[in-house]
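# Examining the three-dimensional arrangement
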Amino acid sequence: GNNRLGGNSLLDCVVFGRVAGKHAANYILGKDMKSVSLIDLSGGGLSGAVEASKNAGGSYEDNMNKGTGGGAAAAPAAGGGGGGGGYTLEEVAKHTTKTDCWVVVNGEVLNVTSFLSEHPGGELAILTFAGKDASEEFNMIHPPD
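Residues numbered from 1 in each chain as written. Predicted model: local features only at pLDDT ≥ 70, side-chain atom pairs only at ≥ 80, totals over all residues. Heavy atoms only, no water.

## As for the overall build of the protein
Inclusion rule: Strands here are runs of E lasting at least two residues and helices are runs of H or I lasting at least four, both read from the DSSP assignment and numbered beginning at the N terminus. Contacts are assigned to residue pairs with any non-hydrogen atoms lying within 4.5 Å of each other.
When helices and strands are tallied, the protein shows 5 helices and 6 strands. Considering only contacts in the protein between residues 6 or more positions apart, those separated by 24 or more positions represent 58%.

Quick look at the structure:
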């Protein structure tokens, strides 16, 4: 599209910048590094509800995980401790390739393998977090449902 920076989408640049910055800070500060929430830094972010644009026909994300057709299949992620079903992060960590890609977003395990080629931000934006909890990055970029 038109939002290209040196061949990469703006989303690719934002995600890469966050990942690179976090790793650089961890390398320099080591155990002294403290995680910081963008919500806390921004004072809570936007103050109104974010809704799909009715004039533009909505967003590709509006019904992505509602179980209607394509998109990503969701299953609850298990917390630590006893029972409750779902997948553990250890199980999710086994699915890290373009042909078998799972991520955790807001406590849900998503098999996003079939969605990789359709993702507007490119495959790398998702593959960077394959087998991991991508909630923080996902919520920073995508509007809430």
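## Details of the confidence of the model for the protein
Basically, it comes down to this: A score between 0 and 100, pLDDT records how confident the predictor is in each residue.
Put simply, the protein has an average pLDDT of 72, and 58% of its residues get 70 or more. The spread of mean pLDDT over the elements of the protein runs between strand β1 (residues 4-5), the lowest at 50, and strand β5 (residues 100-105), the highest at 93. Low pLDDT, under 50, characterises residues 46-71; the stretch is placed with 22 contacts to residues that sit more than four places away or in other chains.

## Quick word on the pairing of β5
To be explicit about the condition: In this scheme, a residue with accessible area under 20% of its type's maximum is buried, one over 50% is exposed, and one in between is partly exposed, where area comes from a 1.4 Å probe on protein chains only. DSSP-based pairing: two strands are paired if at least 2 bridges between them are found.
Counting buried positions along β5 yields 5 of 6 residues, so the element is predominantly enclosed. Connecting strand β4 (residues 96-97) to the antiparallel partner β5 that follows it, the hairpin turn spans 2 residues. As defined by bridge partners, β5 adjoins strand β6 (residues 108-111) across 4 bridges and the pair is classed as antiparallel. Bridge pairing links Val105 to Glu108 in β6.

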